[in-house]
Amino acid sequence: MLDVKNSIDRLQWTVDHHFLHIHAQHDFMRAWAVQFELAYTDFRVIQMALQMSGPENHALLAKLAKNYEAIFQYEYEFAANGLAGFNAKYGDQIDQYKTLVTEFDGIIKEVQALQA
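What you are looking at is a predicted structure, and each value in this text was computed from that prediction instead of being measured.

Caption draft 1: Structural context of the overall build of the chain. Looking only at helices and strands, one finds four helices and zero strands in the chain. Order of helices (α) and strands (β) in the chain, N terminus to C terminus: α-α-α-α. Since a compact globule built from 116 residues should have a radius of gyration of about 13 Å, the 14 Å found for the chain is in line with a globular shape. Here the C-alpha coordinates of the chain stretch approximately 40 × 25 × 20 Å along the principal axes. Residues classed as buried in the chain amount to 40% of the 116 residues present. Within the chain, counting contacts between residues at least 6 apart in sequence, those at least 24 apart form 75% of the total. Split by element, the accessible area of the chain, about 6,400 Å² in all, is 56% carbon and sulfur.

Below you can see the structure in the form of structure tokens.
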């Protein structure tokens, strides 16, 4: 698989950090939006590397994509509409969001293992 270690590390940090930021009810800030955009790019780089690595990683690719796309919806709402918008749309779903982040952490470890 292509060397995407830095993208993996940055994406994991951003997903975890953004959940903690929202969970703590911190206000939106510009740096958060920049991180969000860069994380999406890192996700696409990882996705492309998995696609190019062959059919043996298709199940992992599908699992990562499904999970991250679900996380993306929560993060996008915060990026687009701030804390108030997030709380209005997803405030009652913080446990589901946390579950997705926990699942992501397990999936990304599988991807990291391919970099060894």
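Caption draft 2: How the structure looks around helix H1 (residues 5-23). If you check H1, its first and last C-alpha atoms are 27 Å apart, about what 19 residues at 1.5 Å a residue would give, namely 27 Å. Among the residues of H1, Ser-7, Ile-8, Leu-11, Gln-12, Thr-14, Val-15, His-18, Phe-19, His-21 and Ile-22 are the ones counted as buried. For H1, the elements touching its buried residues are helix H2 (30-52), helix H3 (58-90) and helix H4 (94-113). Positive backbone phi, approximately 65 degrees, marks Gln-25, located one or two places after H1.

Caption draft 3: Quick look at the side chain of Gln-47. Tracing the backbone shows Gln-47 in helix H2. Taking relative accessible area as the criterion, Gln-47 reaches 11% and is therefore assigned buried. The residues touching Gln-47, leaving out its near neighbours within four places in the chain, are Leu-61 and Ala-65.

Caption draft 4: Inspection of the packing of aromatic side chains at higher detail. Enumeration according to the criterion identifies 17 aromatic pairs in this entry. With 4.9 Å between their ring centres and 85 degrees between their planes, Phe-19 and Tyr-97 make a pair best called edge-to-face. Within this pair, whereas Phe-19 is found in helix H1, its partner Tyr-97 is found in helix H4, the two being separated by 78 residues in sequence. Overall, Phe-19 belongs to the buried group, its relative accessible area being 7%. Judged by relative accessible area, Tyr-97 falls into the buried class, the value being 0%.

Caption draft 5: The side chain of His-21, seen in detail. Secondary-structure assignment places His-21 in helix H1. Residue class for His-21 comes out buried when judged on its relative accessible area of 6%.

Rules behind the numbers
- Residues numbered from 1 in each chain as written.
- Predicted model: local features only at pLDDT ≥ 70, side-chain atom pairs only at ≥ 80, totals over all residues.
- Heavy atoms only, no water.
- Helix = DSSP H or I, 4+ residues; strand = E, 2+ residues; numbered from the N terminus.
- Rg over C-alpha atoms; globule rule 2.2 N^0.38 Å.
- Buried < 20%, exposed > 50% of the residue type's maximum accessible area, 1.4 Å probe, protein only.
- Contact = heavy atoms within 4.5 Å.
- Areas by Shrake-Rupley, 256 points an atom, 1.4 Å probe, with all protein chains shown as cover.
- Expected span 1.5 Å × (residues − 1).
- Phe/Tyr/Trp six-rings, centres within 6.5 Å; stacked < 30°, edge-to-face > 60°.

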